[in-house]
Amino acid sequence: MKRAIGVCYYPEHWDPEIWTEDARRMADAGIEFVRIGEFAWSRMEPEPGSYQFEWLDVAIRTLGEAGLKVVLGTPTATPPRWMLQRHPDMLAVDAQGRKRGFGSRRHYDFSHEGYKAECGRIVTELAKRYGANPHIAAWQTDNEYGCHDTVLSWSSAARDAFRQWLRLRYPGAGNDGDINALNEAWGNVFWSMEYRDFDEIDLPNLTVTEPNPSHSLDFRRFSSDQVVAFNRVQTEIIRQYSSAPIAHNYMGKVTEFDHFAVGADLDIASWDSYPLGFLEDRIEASDDYKRRFARQGDADFQAFHHDLYRAVGRGRMWVMEQQPGPVNWAPYNPFPAPGMVRLWAWEAFAHGAEVVSYFRWRQAPMAQEQMHAGLLRPDSSEAPGLAEAARVAREIADAPNVSVGQAPVAIVFDYDADFAWTTQPQGRGLDYFWLVFDFYKALRSLSQSIDILMPSVRDFSGYELVVVPGMMHMPADLKATLAESDASVLVGPRSACRDASMRIPVPLPPALPGLDVTVARVETLRADMPVPLAGGGTIGRYVEALEGSADVMEKTEKGEAVLMAATNLHYLGGWPDQQAARRILANLLSARGVKTELLPGGLRVRDTPDERFWFNYADEEVELNGRVFPPCSVTIDNERRRR
Amino acid sequence: MKRAIGVCYYPEHWDPEIWTEDARRMADAGIEFVRIGEFAWSRMEPEPGSYQFEWLDVAIRTLGEAGLKVVLGTPTATPPRWMLQRHPDMLAVDAQGRKRGFGSRRHYDFSHEGYKAECGRIVTELAKRYGANPHIAAWQTDNEYGCHDTVLSWSSAARDAFRQWLRLRYPGAGNDGDINALNEAWGNVFWSMEYRDFDEIDLPNLTVTEPNPSHSLDFRRFSSDQVVAFNRVQTEIIRQYSSAPIAHNYMGKVTEFDHFAVGADLDIASWDSYPLGFLEDRIEASDDYKRRFARQGDADFQAFHHDLYRAVGRGRMWVMEQQPGPVNWAPYNPFPAPGMVRLWAWEAFAHGAEVVSYFRWRQAPMAQEQMHAGLLRPDSSEAPGLAEAARVAREIADAPNVSVGQAPVAIVFDYDADFAWTTQPQGRGLDYFWLVFDFYKALRSLSQSIDILMPSVRDFSGYELVVVPGMMHMPADLKATLAESDASVLVGPRSACRDASMRIPVPLPPALPGLDVTVARVETLRADMPVPLAGGGTIGRYVEALEGSADVMEKTEKGEAVLMAATNLHYLGGWPDQQAARRILANLLSARGVKTELLPGGLRVRDTPDERFWFNYADEEVELNGRVFPPCSVTIDNERRRR
Amino acid sequence: MKRAIGVCYYPEHWDPEIWTEDARRMADAGIEFVRIGEFAWSRMEPEPGSYQFEWLDVAIRTLGEAGLKVVLGTPTATPPRWMLQRHPDMLAVDAQGRKRGFGSRRHYDFSHEGYKAECGRIVTELAKRYGANPHIAAWQTDNEYGCHDTVLSWSSAARDAFRQWLRLRYPGAGNDGDINALNEAWGNVFWSMEYRDFDEIDLPNLTVTEPNPSHSLDFRRFSSDQVVAFNRVQTEIIRQYSSAPIAHNYMGKVTEFDHFAVGADLDIASWDSYPLGFLEDRIEASDDYKRRFARQGDADFQAFHHDLYRAVGRGRMWVMEQQPGPVNWAPYNPFPAPGMVRLWAWEAFAHGAEVVSYFRWRQAPMAQEQMHAGLLRPDSSEAPGLAEAARVAREIADAPNVSVGQAPVAIVFDYDADFAWTTQPQGRGLDYFWLVFDFYKALRSLSQSIDILMPSVRDFSGYELVVVPGMMHMPADLKATLAESDASVLVGPRSACRDASMRIPVPLPPALPGLDVTVARVETLRADMPVPLAGGGTIGRYVEALEGSADVMEKTEKGEAVLMAATNLHYLGGWPDQQAARRILANLLSARGVKTELLPGGLRVRDTPDERFWFNYADEEVELNGRVFPPCSVTIDNERRRR
């Protein structure tokens with residue numbers, strides 16, 4: 001499949017008289033895909049049951065006749081105001097008990113059956129009308145599930161659905177669930193929290209002190225399942241009427257629902273990539289780092305998500321929204337450095353993206369995103385991003401097709417582990433996502449290409465190294481498969497430390513088959529109290545005391561075991577800094593014959609079967625082995641072919 | 001008119017037996033005005049409809065017979081507890097949906113018609129009884145509108161009034177408003193936010209993510225108008241019964257309502273000046289600065305407000321409450337440095353104050369302000385502030401009358417712009433007030449006297465320089481008048497960038513007649529990422545990319561245009577630091593023949609037609625051109641007369 | 001009485017089959033006391049009125065037969081879920097108006113009469129059944145009153161009870177109270193806050209700005225009294241059926257209720273000592289300090305509480321819960337340094353503890369405290385704390401009995417003063433507890449043993465020095481008794497500055513008999529603006545200007561009086577740093593012939609009639625006068641005997 005670029009377009013925002021010209025300019029710039037429709041419910045159905053699709057017919061036809069392929073979004077992220085009159089209780093409720101009202105977007109509760117039925121209705125109308133339309137190249141369900149913290153709702157609809165979900169999770173005779181099974185699983189004897197009936201269970205908010213972690217974890221799992229169910233209503237309807245592939249546009253660092261589980265109902269996983277907006281949220285980055293990469297973004301953040309969503313899409317991955325210039329929603333909203341709009345696109349293609357679609361065509365002069373740049377300015381003249389996008393379009397015309405091979409290294413990413421860490425951080429600032437990301441960053445700064453694996457994977461053939469950090473619950477068959485695999489395996493810290501109900505298992509963790517290592521104790525530390533390792537670097541923040549007869553491969557300066565190993569299994573008892581992580585990973589890779597090279601500064605590399613990509617995220621020249629990489633640049637070698 | 005000092009007094013707090021002695025001591029200290037009554041509703045009307053004014057009669061007579069002039073406040077900022085029984089829904093509601101209850105003050109909703117009628121009733125009683133009283137020299141309506149964040153209320157009373165206000169703002173046939181006009185003005189097609197009826201519109205709080213900025217801005221404008229209407233009820237009644245002038249006591253840095261619009265119904269604008277309490281709130285001041293000026297306050301903050309309220313009062317300005325010692329409400333409450341109680345008063349007189357009235361006569365031993373110093377201690381002995389106040393009284397006896405001339409420089413201050421910036425800061429810490437204040441500070445540190453202009457001014461004759469920073473919406477006739485004026489005009493950053501409905505206009509901003517400059521893009525930056533200018537100093541935080549054929553007068557070190565000009569118009573595309581602001585302003589003034597001199601440290605100067613005032617805010621000697629200014633001192637030259 | 005160690009145990013968490021083995025291992029480790037039962041209501045009464053005590057009978061018998069003495073807790077901190085069905089309004093309400101729901105613990109309102117009656121009922125059942133049980137050595141009422149900010153509730157139950165409490169505090173004819181007396185006491189004429197009836201009085205939350213401090217203070221006193229009344233229901237019942245002593249387990253730095261008043265109904269005051277968890281909350285400690293003592297805790301925090309609770313228990317003091325390893329609830333949860341589990345126990349014994357009871361026996365694998373270490377790991381193997389606890393058990397077998405003498409120095413600690421400071425801090429970060437603690441720390445670093453006195457003490461015989469910092473209301477008879485005592489007395493800062501109703505008294509504070517000192521003014525300052533004293537060190541944050549004819553013993557560098565004295569009375573007008581506090585205290589002690597020695601680093605000393613204890617909290621060797629103290633060590637001299 002040929003790589004392509006796209007754009008997001010809102011015909012309903014503009015006079016129909018300029019649609020044709022817009023379409024022509026898109027095509028001239030080399031754009032192939034246009035996403036439309038995902039916020040237009042009030043124009044599709046201005047009054048309940050009164051549909052108006054004529055304008056959409058024209059828009060699709062206009063785009064299609066210009067040679068553009070249309071991605072049609074379902075508008076369910078923005079129910080019109082009249083929807084609330086039909087379903088006054090459809091709003092989500094925040095953890096403080098306040099209704100989350102109308103006036104922006106995503107004002108709905110995933111557990112509200114009435115609203116879900118309305119979504120089914122409008123999706124049915126769309127799918128019937130456009131399912132066979134030749135210009136429709138793909139579908140998008142809803143928009144950015146989880147944006148604005150919308151996964152968890154503390155409404156009575158959520159509470160009732162949670163009770164029902166619990167009945168199924170702790171089944172008893174009949175359909176009523178076994179409340180004693182729940183009490184046992186959650187350990188409710190503690191603090192007399194025992195329930196006599198599922199209807200006594202409330203949502204785990206507004207408790208006097210923190211709720212039972214098993215209660216919280218199950219609520220997070222339930223909330224995730226509600227997103228899956230909500231999405232599935234739409235995918236099932238669309239498939240009845242259309243053979244076009246279905247995507248959803250995920251986000252960066254949203255972990256409140258299981259993206260793999262939603263992805264199982266999709267054909268393509270896409271995501272919305274805004275590199276600059278995440279820098280200020282990177283809790284422990286220095287001010288200097290934030291200044292240096294303010295106009296480029298973190299050198300690994302996008303790559304991580306590309307690899308993650310390639311796994312979510314089981315190989316098929318798009319960037320549905322790509323930042324084209326300064327945006328409106330981050331704490332600070334700088335211009336991208338020249339070259340970055342191109343670089344970001346190529347980074348996506350290097351990781352297997354089929355389409356990179358810029359958000360948005362023309363900057364809106366009104367409403368919440370009026371300060372969000374587009375490829376055009378509000379006066380229709382060209383914004384700087386357009387030239388870079390057009391250059392990418394020209395470049396991919398001569399480039400190989402989408403090309404992804406298996407990487408030598410894999411990291412397992414588990415949303416359920418994120419739920420567990422969020423439920424029980426055990427120390428200020430401890431976060432599963434950033435733990436995994438630190439391993440990813442260390443590998444990438446060692447010049448590795450990486451695969452991210454969903455936690456249900458049981459086939460590790462072809463990998464030299466599999467890394468499983470922080471996966472608090474590791475099912476027994478996963479442990480067994482890893483132990484039996486040909487790969488070198490690095491587990492920990494905080495992996496395999498809970499059973500499926502968030503209880504500490506006995507025998508104590510990690511209890512990996514064939515590896516005699518026990519986590520005797522756990523401590524959490526201030527970030528400024530790192531523990532030096534004998535070999536250099538540190539562990540810190542989350543530190544485990546290890547016991548057992550396995551080989552000690554890393555020690556603290558005081559001689560305490562930090563990394564222990566037997567056969568192919570390694571357990572790491574602490575959160576390493578980059579120096580330690582790189583040494584440990586380099587040693588493991590080296591032992592398997594995988595070559596690593598420490599890359600300077602903002603330089604990164606990515607291999608596909610056909611190409612080697614060099615990305616320089618630094619705003620200055622970088623030299624490696626005598627080769628010079630210009631600031632904010634992409635360099636593509638076709639070396640694999642040459643070999 | 002002779003300058004005078006005053007004091008705030010609460011006869012209801014003290015045994016009537018000491019009133020006579022208090023009055024004598026006031027007169028002995030040189031005090032001429034006494035403000036009373038503004039919190040005494042529960043004593044004026046202990047039970048609904050049962051008035052008790054005899055005590056007030058005696059108090060006014062006692063003060064008057066001691067030669068004091070009385071300023072009588074309406075007590076509407078403190079409705080008695082019984083008022084809530086009559087109007088249970090009169091309380092304002094905060095943005096989180098919580099009622100703001102009884103137990104302090106300002107517990108009312110500006111939109112509650114029932115309470116407004118009660119205010120009319122008590123004001124009528126007061127105006128009838130005291131309107132012709134010879135001791136009543138002035139009136140004060142209510143007290144400190146906006147104090148404790150009370151302008152915005154999220155109640156059902158506010159919601160209903162907002163809907164009605166919107167009907168009038170977006171008028172249709174009949175009285176019903178044109179909902180489509182509103183949808184178009186707000187751009188509600190974005191995210192399907194379109195309304196079918198005004199009654200569907202809620203207040204812009206508790207939305208899932210930020211509400212439409214047009215929605216928020218209109219709510220802020222509505223809320224401001226409600227204050228104006230509330231105040232007007234009182235001024236209209238008072239004028240029926242009294243010819244004494246009417247004042248309101250505004251506050252420092254309260255921008256939630258349009259002070260000019262309220263001022264249009266007043267005869268005098270007064271404000272409550274507490275220099276020490278604002279230092280900790282000055283977000284980006286260094287700790288060193290906060291320490292150095294902890295006992296003096298910022299050297300420009302009071303001057304700015306004097307100039308602002310002189311404009312609000314169309315020339316008539318008082319300080320109704322002047323800090324006399326340590327107060328109770330700031331994060332830290334230090335003693336003023338010796339000399340400051342005098343200095344602050346003279347700064348006010350230098351800017352045209354007719355009266356400076358100290359708050360309060362005797363420190364209260366009870367209730368919320370028991371730690372707020374008075375001129376007397378709770379035991380009736382003299383607090384240190386009294387001697388300084390009495391010195392001021394002696395000094396003004398020999399000084400010229402109130403004297404204000406037109407300054408060579410003017411800054412336009414626009415509350416509507418503050419509403420727009422607050423609605424859409426676009427970057428952390430960005431604030432209209434501090435932007436304008438930075439220009440004011442730069443001018444004052446260049447030895448300038450400054451006029452502040454309301455945004456409706458269209459006559460700029462007599463000014464050498466008019467500065468218009470951050471005025472997001474500039475009406476076309478203002479642009480035209482400025483372009484045609486004789487003054488040099490400095491516009492920007494972020495001026496003229498929105499239409500009246502908060503939409504980005506096309507052609508793009510600033511679209512000043514005769515000045516070919518376009519803001520191509522906007523970025524916001526961390527405060528520690530300033531952009532160096534070729535001429536020294538920096539711009540930062542809010543930075544615009546300028547295009548066009550106008551002359552480039554300031555560039556970044558990289559050569560990007562920062563200040564562009566044609567004819568008398570200049571557009572500045574960024575928030576300058578003090579160094580850059582001073583150079584730019586000094587150049588503009590120099591070009592018009594206005595002399596500037598950079599003043600050292602805490603030294604400031606202010607010219608009136610009759611006097612030149614030197615104020616040294618530093619707690620150490622300062623030398624300028626061989627002349628020495630003692631710490632915390634006032635020096636007055638009658639040099640204008642000498643010329 | 002022999003010293004002893006104990007442990008907290010939850011038989012309901014474990015299979016009864018292991019109870020016997022657990023009991024044997026406890027006894028083998030030298031444990032003598034076992035606390036049980038305090039969270040087991042759902043097992044004692046699984047359905048309303050259906051009691052199941054058989055398991056508890058067995059548990060007590062099993063423990064008793066192993067030679068262990070049982071402390072039986074009442075389970076009222078954890079009402080079962082069904083309780084809420086009987087009393088839907090029993091939940092407390094937070095200051096924001098939100099119900100504090102089921103799902104953890106302490107989910108009840110102290111003012112709810114229905115719940116209090118239920119507590120009486122279950123306590124009656126327990127007392128009847130176990131009151132004469134020979135294995136029951138003591139009782140514990142409820143658990144950790146005030147934990148999770150549960151003293152103050154803003155419910156309608158609290159509001160109604162508060163009104164009734166006020167009627168009794170401001171009594172009138174009959175039972176109705178005198179509302180005018182309340183209005184006068186609170187100064188409600190200020191801001192027209194006058195009430196016509198007690199039923200008009202709401203709780204002091206959600207007011208527009210801060211409520212009247214007299215209102216807030218009375219609400220805090222009421223809330224404290226509600227805890228006393230709640231506890232008394234239980235003690236009165238238990239005493240009917242049992243002669244075993246009654247304890248409650250207080251906490252570290254919980255000051256929301258008067259521990260002395262609750263203690264008056266107890267036989268033993270115990271507390272729960274978790275040294276590591278408080279370091280991050282010590283607001284003004286440096287990061288370096290927090291790092292250095294992260295594994296030991298503050299060297300004075302536990303000692304302070306031991307001395308405080310010895311006063312609360314009128315001589316009888318226990319540590320009911322002693323940290324045995326890392327816990328789960330602090331911002332960071334490190335391992336204790338080796339030796340600290342022993343050191344902490346000995347520090348308690350040195351201050352008169354009869355029993356030090358470790359929390360808990362075996363780490364729970366489930367629920368909220370699954371990350372809280374026990375003496376055993378979840379797999380029943382020994383955690384590191386067990387060996388240290390067993391060593392303590394062996395050591396006390398050879399040590400003297402509990403032994404407490406009168407110290408030469410006393411500090412008065414007054415919960416009511418804490419209520420007043422909390423109500424009116426007057427400056428950011430000002431806190432009564434830390435003020436008192438700073439004096440305590442200075443004394444202890446001067447090698448002193450200290451008694452803490454309740455504010456009702458009027459017999460000061462035997463003390464060389466009595467320190468009364470920050471006691472905002474000092475009753476006249478306390479002032480008189482101190483003036484007449486033989487002790488040297490140090491009062492201030494901020495002592496005696498309010499009357500019983502939170503009004504500033506006239507004559508002005510402190511008005512100590514025979515000491516002509518007046519606090520003329522008060523200021524509060526940034527922490528980085530200390531005022532240097534002529535003799536070294538500083539005062540800061542809360543600074544008073546002193547007047548009067550008494551001798552000036554300490555001055556600022558500028559010559560302002562800071563410490564003034566006459567006869568035995570000294571008044572200190574500011575918050576001293578450690579250097580100033582040590583000098584002032586050393587001078588006062590030296591004048592009375594008490595020897596002081598400045599201790600290095602983390603070294604501390606404590607004298608009993610029989611022993612001198614040396615504690616080194618530093619994680620490194622410390623030398624004093626040629627004697628070397630190992631890191632984290634206890635050294636015991638029997639020097640008193642030797643003398």
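The preceding data block contains the structure.
Description of the structure in this document. (Residues numbered from 1 in each chain as written. Chains lettered and ligands numbered in written order. Predicted model: local features only at pLDDT ≥ 70, side-chain atom pairs only at ≥ 80, totals over all residues. Heavy atoms only, no water.)

Moving on, we come to the relation of the copies chain A and chain C. For the pair chain A and chain C, the best superposition has an RMSD of 0.0 Å and corresponds to a rotation of 120° with a translation of 0.0 Å parallel to the axis. Accordingly, the operation relating the two chain copies is best matched by a three-fold axis. In terms of C-alpha distance to the rotation axis, chain A has Gln 96 of chain A as its closest residue, with the C-alpha 5.7 Å off the axis. (Least-squares fit on C-alpha atoms with pLDDT ≥ 70 in both.)

All names here are of chain A. The strand order across the open sheet built from seven strands is S10-S9-S11-S12-S18-S17-S16, with neighbouring strands paired in mixed fashion. At either margin of the open sheet sits one strand with a lone partner, and together these are strand S10 (450-453) and strand S16 (551-555). Averaged over neighbouring strand pairs, the angle between their axes works out to 20° when direction is ignored. Bridge count between strand S11 (residues 465-468) and strand S12 (residues 488-491): four bridges; the pairing is parallel. By the bridge assignment, Val 467 is partnered in S12 with Leu 490. (Pairing = 2+ DSSP bridges. Helix = DSSP H or I, 4+ residues; strand = E, 2+ residues; numbered from the N terminus. Axes fitted to C-alpha atoms, helices over the stretch in contact; angles between N-to-C directions.)

Turning our eyes to something else, we now look at the packing of helix H15 (residues 432-445) of chain A against helix H17 (residues 578-591) of chain A. All names here are of chain A. It is at 9 Å that the axes of H15 and H17 come closest, and there the two elements cross at 65°. Pair H15 / H17 crosses with right-handed handedness. Counting all contacts with H15, which are made through Asp 438, Phe 439, Lys 441, Ala 442, Leu 443 and Ser 445, the residues of H17 involved are Gln 578, Ala 581, Arg 582, Leu 585 and Leu 589. Tallied by class, residues from the contact of H15 with H17 come to six nonpolar, two polar and three charged. (Left-handed = near helix turned anticlockwise from the far one by under 90°. Contact = heavy atoms within 4.5 Å. Nonpolar A, V, L, I, M, F, W, Y, C, P; charged D, E, K, R; others polar.)

The next subject is the side chain of Gln 140 of chain B. Residue and element names in this part refer to chain B. Looking at where Gln 140 falls in the secondary structure, it is placed in strand S4 (residues 136-140). Among the residues examined, Gln 140 registers a relative accessible area of 0% and is labelled buried. There is a polar contact of 3.3 Å between the side chain of Gln 140 and the side chain of Asn 143. Looking at Gln 140, its side chain comes within polar contact range of the side chain of Asn 249, at 3.2 Å. (Buried < 20%, exposed > 50% of the residue type's maximum accessible area, 1.4 Å probe, protein only. Polar contact = N/O pair within 3.5 Å; in protein donor to acceptor, adjacent residues only side chain to side chain.)

Okay, the pattern of salt bridges next. All chains considered together, the criterion is met by 162 salt bridges over all chains. Here Asp 528 of chain A ties to Arg 291 of chain C by a salt bridge, and the two come within 2.5 Å at their closest N and O atoms. Residue Asp 528 of chain A is found in the loop between strand S13 (518-524) and strand S14 (531-532), and its partner Arg 291 of chain C is found in helix H10 (residues 287-292); the two belong to separate chains. Given a relative accessible area of 28%, Asp 528 of chain A falls into the partly exposed group. Close ionic contact of Asp 288 of chain B with Arg 291 of chain B constitutes a salt bridge, the shortest N to O distance being 3.9 Å. Within this pair, Asp 288 of chain B and its partner Arg 291 of chain B are both found in helix H10 (residues 287-292), separated by three residues, close to a single helical turn. Look at Asp 288 of chain B and you get partly exposed, because its relative accessible area is 38%. Here the salt bridges do not stand alone but share partners, grouping Asp 287, Asp 288, Arg 291 and Arg 292 of chain A together with Arg 526 and Asp 528 of chain B into one network. (Salt bridge = Lys/Arg side-chain N within 4 Å of Asp/Glu carboxyl O.)

Listed per partner, the contact involves 45 residues of chain A and 55 residues of chain C. Regarding the contact of chain A and chain C, the summed buried area is about 4,800 Å², with carbon and sulfur atoms giving 55% of it. Summed over the three residues of chain A that lose the most area to chain C, namely Trp 191, Val 208 and Arg 526 of chain A, the buried surface amounts to 17% of that side. The interface formed by chain A and chain C contains seven salt bridges. Contributions of two or more residues to the side of chain A that touches chain C are made by S13 and strand S15 (538-547) of chain A. Here the element with the most residues in the side of chain A that touches chain C is S13 of chain A; it accounts for six residues. Partitioning the side of chain A that touches chain C into residue classes produces 21 nonpolar, 11 polar and 13 charged. (Buried area = accessible area lost by both parts, 1.4 Å probe.)

With that settled, consider the interface of chain C and chain B. Contacts between the two partners involve 45 residues from chain C and, on the opposite side, 56 residues from chain B. Between chain C and chain B, roughly 4,800 Å² of surface is buried when both sides are summed, and carbon and sulfur atoms account for 55% of that area. Among the residues of chain C in contact with chain B, Trp 191, Val 208 and Arg 526 of chain C are the three that bury the most area, contributing 17% of the side total. Here chain C is connected to chain B by seven salt bridges. The tally of links from chain C across to chain B stands at 27 residue pairs in polar contact (both at pLDDT 80 or more). Secondary structure elements with two or more residues in the side of chain C that touches chain B: strand S13 (518-524) and strand S15 (538-547) of chain C. When residues of the side of chain C that touches chain B are assigned to their parent elements, the largest contribution, six residues, is made by S13 of chain C. Considered class by class, the residues forming the side of chain C that touches chain B number 21 nonpolar, 11 polar and 13 charged.

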